[in-house]
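Commentary on secondary and tertiary structure
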Amino acid sequence: MAFAGNNSRALPWALVTPALAWTCAFFVLPFIAMGFSSLTAHEGGGFTLANYSQFFTDPSYWRAMVNSLEVTAIVTVISILLAYPFAWILAEQVPERWQRLALMLAVLPFWTSYVVRSYSWLLVLAQNGVINRALTGIGLIGEPLQLANTRFATVTGFVHFFVMLLTLTIFANLKQLSPSYRKAAADLGAGPLRTFLHVVLPLTLPGIVVGAFLTFVLCIGDYITPQILGGNNELVMPQLVMMQIGRRGDFPLASALSIILMAVVTIAYLACARWLKIERA
C-alpha cells in the first residue's frame with residue numbers, strides 16, 4: 001500500500017518534469033544569465049548598476065521607452081475599437097453554420113509570413129505605393145505623402161495584425177455569453193443600448209482585457225514591424241536593444257534594457273490581473 005501511495009505521488013511529478021526541465025533550460029537559466037550580464041560593465045570588471053542608471057539618465061533611452069508605450073497604447077485602443085464590432089458581427093449576425101467559414105476567411109491572410117505582411121504594407125505606404133499613386137491619380141494631392149518610415153506606418157502594420165487576435169478573444173467571450181442575460185435585461189425594460197452597456201460589455205470585458213494584454217506584450221516587444229515600417233526615425237525599445245548588440249556589441253546594456261522592458265510587461269500584467277482577475281477568466 002505504501003508503495004502504491006508513493007507511486008501516486010510520484011506520477012504527477014513525472015508528468016510535469018519534462019515541462020519544468022524545458023522551462024528551466026530555455027527561460028529560467030537564460031534569464032538568470034541575462035540578469036548577471038546586465039550587472040557587468042561592457043569593458044569588463046565587477047558588478048555595477050551603471051547599465052540601469054544609463055537608461056534613466058540618458059534622454060534618448062528614456063524616449064525610446066516612451067515611444068514604445070505610446071505606440072503600444074495607440075495600437076491597443078484602435079485594435080479594440082475595430083475588433084469588437086467585427087467580433088459582434090461574426091457572433092451575432094453571421095448564421096452559426098457559416099461562422100467557422102467566416103473565421104477561417106478572416107484568419108486566412110494571416111497564414112502568410114509576418115515579415116512578408118510588413119513589407120507588403122511598406123509597398124502600399126511608400127512614396128510610389130498604392131495609396132500615393134491613387135491619391136495623385138485622382139488629383140487629391142500634388143506631391144506624394146510621407147507615409148512610410150513614420151509612426152503612422154508602424155501603427156498601421158500593428159493594427160492589421162492585432163485586430164484579428166482581439167477579434168478571436170472577444171468572439172470566444174461573446175459565444176460563451178448565455179442568451180438568457182439579454183432576455184432578462186429585456187424583461188426588466190432595458191433597450192438594446194442599455195443591455196449592451198450594462199450586461200454584454202461588462203461580461204465580455206475579460207475577453208477584451210486578455211486580448212489587450214496579449215496585444216500589449218507582443219506589440220511592445222516587437223522589433224520587425226517598427227524596423228521595416230518605422231525605420232530608424234523614431235526608435236522603440238526593441239530597436240534600441242538590437243542597436244546595442246548589432247552596432248556596439250554591448251551585451252550588458254542590452255540585457256539591462258531587456259530586463260527593464262520585461263519589468264514594464266510584468267507591471268502591465270499585474271495591473272490587469274488585479275483589475276479584472278484575468279487569472280480567473
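This section reports on the structure supplied with the text.

How each quantity is defined
Residues numbered from 1 in each chain as written. Predicted model: local features only at pLDDT ≥ 70, side-chain atom pairs only at ≥ 80, totals over all residues. Heavy atoms only, no water. Helix = DSSP H or I, 4+ residues; strand = E, 2+ residues; numbered from the N terminus. Expected span 1.5 Å × (residues − 1). Buried < 20%, exposed > 50% of the residue type's maximum accessible area, 1.4 Å probe, protein only. Arc of directions from axis to C-beta. Contact = heavy atoms within 4.5 Å. Polar contact = N/O pair within 3.5 Å; in protein donor to acceptor, adjacent residues only side chain to side chain. Salt bridge = Lys/Arg side-chain N within 4 Å of Asp/Glu carboxyl O. 1 Å grid on protein atoms, 1.4 Å probe; cavity = no way out; pocket = protein on both sides within 12 Å on 5 of 7 lines; lining within 4 Å. Points joined across faces, edges and corners; volume = space filled by probe spheres on them. Nonpolar A, V, L, I, M, F, W, Y, C, P; charged D, E, K, R; others polar. Core = buried A, V, L, I, M, F, W, Y, C linked by side-chain atoms within 4.5 Å.

**Things to note about helix α5 (residues 114–125)**
Its 12 residues give α5 an end-to-end C-alpha distance of 17 Å, which sits within 8% of 16 Å, the value for a rise of 1.5 Å per residue. Where α5 is concerned, the buried positions are Y114, R117, S118 and L125. End-on, the buried residues of α5 take up no more than an arc of 100°, which puts them together on one face. Turning to α5, the residues buried within the fold contact α6 (130–137), α7 (151–176) and α10 (224–230). With a side-chain oxygen positioned 3.2 Å from the backbone nitrogen of V115, the residue opening α5 is S113.

**Section: the pattern of salt bridges**
Enumeration over the complete set of coordinates arrives at five salt bridges. Residues E92 and R182 are paired through a salt bridge, measuring 2.8 Å at the closest nitrogen-oxygen approach. Residue E92 is located in helix α3 (residues 59–93), and its partner R182 is located in helix α8 (residues 179–187); the two are separated by 90 residues in the primary sequence. On the accessibility criterion, R182 (22% relative accessible area) is partly exposed. The shortest N-O distance in the salt bridge between R248 and D250 comes to 3.6 Å.

**Considerations on empty space enclosed by the protein**
Counting across every chain of the model gives two cavities of 30 Å³ or more. What the largest cavity holds in volume is close to 50 Å³. Breaking the lining of the largest cavity down by element, the ones donating at least two residues are α5, α7 and α10. When residues of the lining of the largest cavity are assigned to their parent elements, the largest contribution, four residues, is made by α5. Of the residues contributing to the lining of the largest cavity, the split by class is four nonpolar, four polar and one charged. Put simply, the second largest cavity is a space of about 40 Å³. Around the second largest cavity sit S68, V71, T72, F158, C219, I220, D222, P226, V236 and P238, which together line it. Counting only elements with at least two residues in the lining of the second largest cavity, the list comes to α3 and α9 (192–220). A per-element tally of the lining of the second largest cavity places α3 first, with three residues. Residues belonging to the lining of the second largest cavity are distributed by class as follows: seven nonpolar, two polar and one charged.

**Some words on the nonpolar core**
With 24 residues, the main nonpolar core has V75, Y84, L90, F158, I170, F171 and L174 as its most contacted residues. Only α3, α4 (96–107), α7 and α9 provide two or more residues apiece to this core. Ranked by residues supplied to this core, first place goes to α7 with nine residues. Residues within four places of L174 in sequence aside, it is in contact with Y84, A87, W88, A91, V200 and T204.

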